[in-house]
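Fold and geometry: a report
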Amino acid sequence: MGRETYTITVCSDSVGETAEAVVRAAIRQFEATQIKIKRYMNIRNEEELRLVIEEAAETGGFVAYTLVQPELREAIKEHAIRMNVRVVDVMGPMIQAFVDTFADQPKRMPGLLHRMDADYFQRVEAVEFAVKCDDGKDLNAILKADIVLLGVSRTSKTPLSVFLAHKGKKVVNYPVVPEIQPPDQLYRVSSGKIIGLTVDAEHLLKIRSGRLKAMGLPVLARYASLDRIVEELEYARSLFDRLGCPVIDITDKAVEETAGIVMDFII
């Protein structure tokens with residue numbers, strides 16, 4: 001008999017991205033793998049909420065919600081009590097803490113996080129910049145970047161660049177290779193913009209071996225030999241020392257965690 005499938009419902013008067021992100025973060029803390037997330041977006045009235053709660057009652061799951069309109073927040077609580085469904089208010093406690101601490105009032109407008117304002121266009125521009133400058137494609141862009149990431153192959157430079165771009169940062173990532181002389185632009189970058197990435201050699205060996213296997217290439221290639229990896233990491237460390245840049249060990253770190261450390265360094 002297969003494992004039981006659990007359903008978590010996400011509902012929002014916007015797109016529901018915030019609530020789903022919190023749900024997925026919580027899921028990672030458990031061994032349960034058979035979990036289905038069902039998202040209901042742009043909730044506008046009580047009838048829609050009633051249907052969401054009734055469906056959750058049938059599946060036996062719970063509901064995580066982000067609703068900024070007070071009447072909808074009250075309605076979902078009432079329906080949840082009536083149908084004996086657990087609901088989790090993802091946004092409410094944070095909004096209330098803001099009100100209580102700063103004596104301010106919320107705008108109560110759904111979708112403000114995703115509004116197409118100046119910040120939105122800044123993020124779009126940053127993503128385009130990161131793609132254009134991936135893997136050292138445009139060396140001149142190094143001097144225009146907010147962040148320059150350095151590291152040997154398979155140290156998560158590209159996904160980290162894209163993640164930071166979604167935060168509005170223009171990022172260049174450059175691969176460190178012992179046989180290639182670092183570009184002069186690296187020594188002309190403003191202080192504090194360069195971040196070095198390193199990783200445990202054994203961990204990198206597994207990543208590279210898996211990469212070669214996925215590509216149908218010989219796993220015993222020099223690219224995935226421990227000696228070569230140690231050589232590359234030592235060379236990278238010497239380059240980081242010459243540049244005087246901070247270094248982050250990404251071993252066993254999620255991209256989000258590494259991005260948070262990068263932001264701490266550059267702010």
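As a convention, each chain's residues are numbered from 1 in the sequence order in which they are written. Reporting in this predicted model follows two pLDDT cut-offs: at least 70 for local features of residues, and 80 or more for side-chain atom pairs to be given and counted; totals over whole chains, interfaces and linings ignore these cut-offs and use all residues. Side-chain numbers come from the whole structure's heavy atoms, not from hydrogens or water.

**Thoughts on the side chain of D13**
- Secondary structure counts use DSSP, requiring at least four H or I residues in a row for a helix and at least two E residues in a row for a strand, with both numbered from the N terminus. Looking at the secondary structure, you find D13 in the loop between β1 (6–12) and α1 (17–27).
- Partly exposed describes any residue whose relative accessible area lies between the buried limit of under 20% and the exposed limit of over 50%, with all areas from a 1.4 Å probe on protein chains only and scaled to the type maximum. A positive count includes Lys and Arg, and a negative count includes Asp and Glu. His and the chain ends are not counted in either. Should a side-chain nitrogen of Lys or Arg be within 4 Å of a carboxyl oxygen of Asp or Glu, the pair is scored as a salt bridge. Buried within the structure, D13 lacks any salt-bridge partner; R44 is the closest side chain of opposite charge, at an N-O distance of 5.4 Å.
- A distance of 2.8 Å separates the side chain of D13 from the backbone nitrogen of V68, its partner in a polar contact. Each polar contact in these results corresponds to two N or O atoms within 3.5 Å; when the atoms are within protein, one needs to be able to donate a hydrogen and the other to accept it, and residues that are neighboring in sequence are counted only if both atoms are side-chain atoms.

**A word on the sheet that holds strand β4 (residues 87–89)**
- Within the open sheet, the four strands sit side by side as β2-β1-β3-β4. Their pairing is parallel. Single-partner strands in this sheet number two, and they are β2 (35–40) and β4. Put simply, the sheet's adjacent strands are angled 20° from each other on average, direction ignored.
- One requirement defines pairing of two strands: DSSP has to find at least two bridges between them. Alignment of β1 against β2, held across six bridges, turns out to be parallel. Counterpart to T7 in the pairing with β2 is K36.
- What makes two residues a contact is simply this: any of their non-hydrogen atoms within 4.5 Å. In this analysis an axis means a line fitted to C-alpha atoms, helices contributing only their contacting stretch, and an angle means the value between N-to-C directions, from 0 to 180 degrees. Across the sheet, α1 touches β1, β2 and β3 (62–66), and the angle it forms with β2 is around 170°.
- Here helix α3 (residues 70–83) sits on the sheet in contact with β1, β3 and β4, set at roughly 175° to β3.

**Description of the pairing of strand β7 (residues 194–198)**
- Among the five residues in β7, five count as buried, and that is most of the element.
- Residues I194, G196 and T198 of β7 are buried on one face, and the alternating residues I195 and L197, pointing to the opposite face, are buried as well.
- When β7 meets strand β8 (residues 247–249), the two strands line up parallel, connected through three bridges. Its bridge partner being in β8, G196 is matched across the sheet by V247.

**Re the side chain of R73**
- Position of R73 among the secondary structure elements: in helix α3.
- For R73, the side chain forms a polar contact with the side chain of D89, separated by 3.2 Å.

**Remarks on the sheet that holds β7**
- In space, the four strands of this open sheet follow the order β6-β5-β7-β8, with parallel pairing throughout. Two strands in the sheet have a free side with no partner beyond their single neighbour: β6 (171–175) and β8. With direction set aside, neighbouring strand axes in the sheet form an average angle of 25°.

**Observations concerning the pairing of β3**
- For β3, the buried fraction is high: four of the five residues fall into the buried class.
- Across five bridges, β1 lies against β3 in parallel orientation. Its bridge partner being in β3, T9 is matched across the sheet by V63.
- Sheet topology note: the β3/β4 ladder contains three bridges and is parallel.

**A short note on the environment of V219**
- By the secondary structure assignment, V219 is in the loop between α7 (201–214) and α8 (226–243).
- Judged by its relative accessible area of 35%, V219 falls in the partly exposed class.
- Sequence separation of V219 and L67 is 152 residues, and the distance between their C-alpha atoms is 51 Å.

**Quick look at the nonpolar core**
- Joining through side-chain atoms within 4.5 Å is the link that ties buried Ala, Val, Leu, Ile, Met, Phe, Trp, Tyr and Cys residues into a set, and such a set is a nonpolar core. Core analysis: the biggest nonpolar cluster contains 38 residues, and V148, L149, L150, L164 and I194 have the highest contact counts within it.
- Elements with a contribution of two residues or more to this core: β5 (147–151), α6 (157–165), β6, β7, α7, α8 and α9 (255–266).
- Considering each element in turn, this core owes the most residues, seven residues, to α8.
- Setting aside anything within four residues of it in sequence, one finds L164 in contact with I147, L149, K169, V171, A259, V262 and M263.

**Here we look at the confidence of the model for the protein**
- Scored by pLDDT, the protein has a mean of 89; 93% of the residues are at 70 or more.
- pLDDT measures how confident the predictor is about each residue, on a scale from 0 to 100. Model confidence for the protein, summarised as mean pLDDT per element, is weakest for helix α4 (residues 92–102) at 83 and strongest for β5 at 98.

**Some remarks on the state of the cysteines**
- Criterion for a disulfide: a pair of cysteine sulfur atoms at a distance within 2.5 Å. Applying the stated rule across the entire model yields zero disulfides.
- Of all cysteine sulfurs, the one in C245 lies closest to C133, which takes part in no disulfide; the gap is 19 Å.

**Notes on the packing of helix α2 (residues 46–59) against α3**
- Viewed as axis vectors pointing N to C, α2 and α3 meet at an angle of 35°, and their least axial separation amounts to 9 Å. Along this stretch, α2 crosses α3, giving a crossing that reads as right-handed. Here α2 contributes E46, L49, R50, I53, E54 and A57 to the contact with α3, which in turn contributes L72, A75, I76, H79, A80, R82 and M83.
- Just so you know the grouping, Ala, Val, Leu, Ile, Met, Phe, Trp, Tyr, Cys and Pro go in nonpolar, Asp, Glu, Lys and Arg go in charged, and all remaining residues, Gly too, go in polar. Partitioned by chemical class, the residues of the contact of α2 with α3 number eight nonpolar, one polar and four charged. The crossing is said to be left-handed when, going from far helix to near helix, the turn is anticlockwise and less than a right angle, and right-handed when the turn is clockwise.

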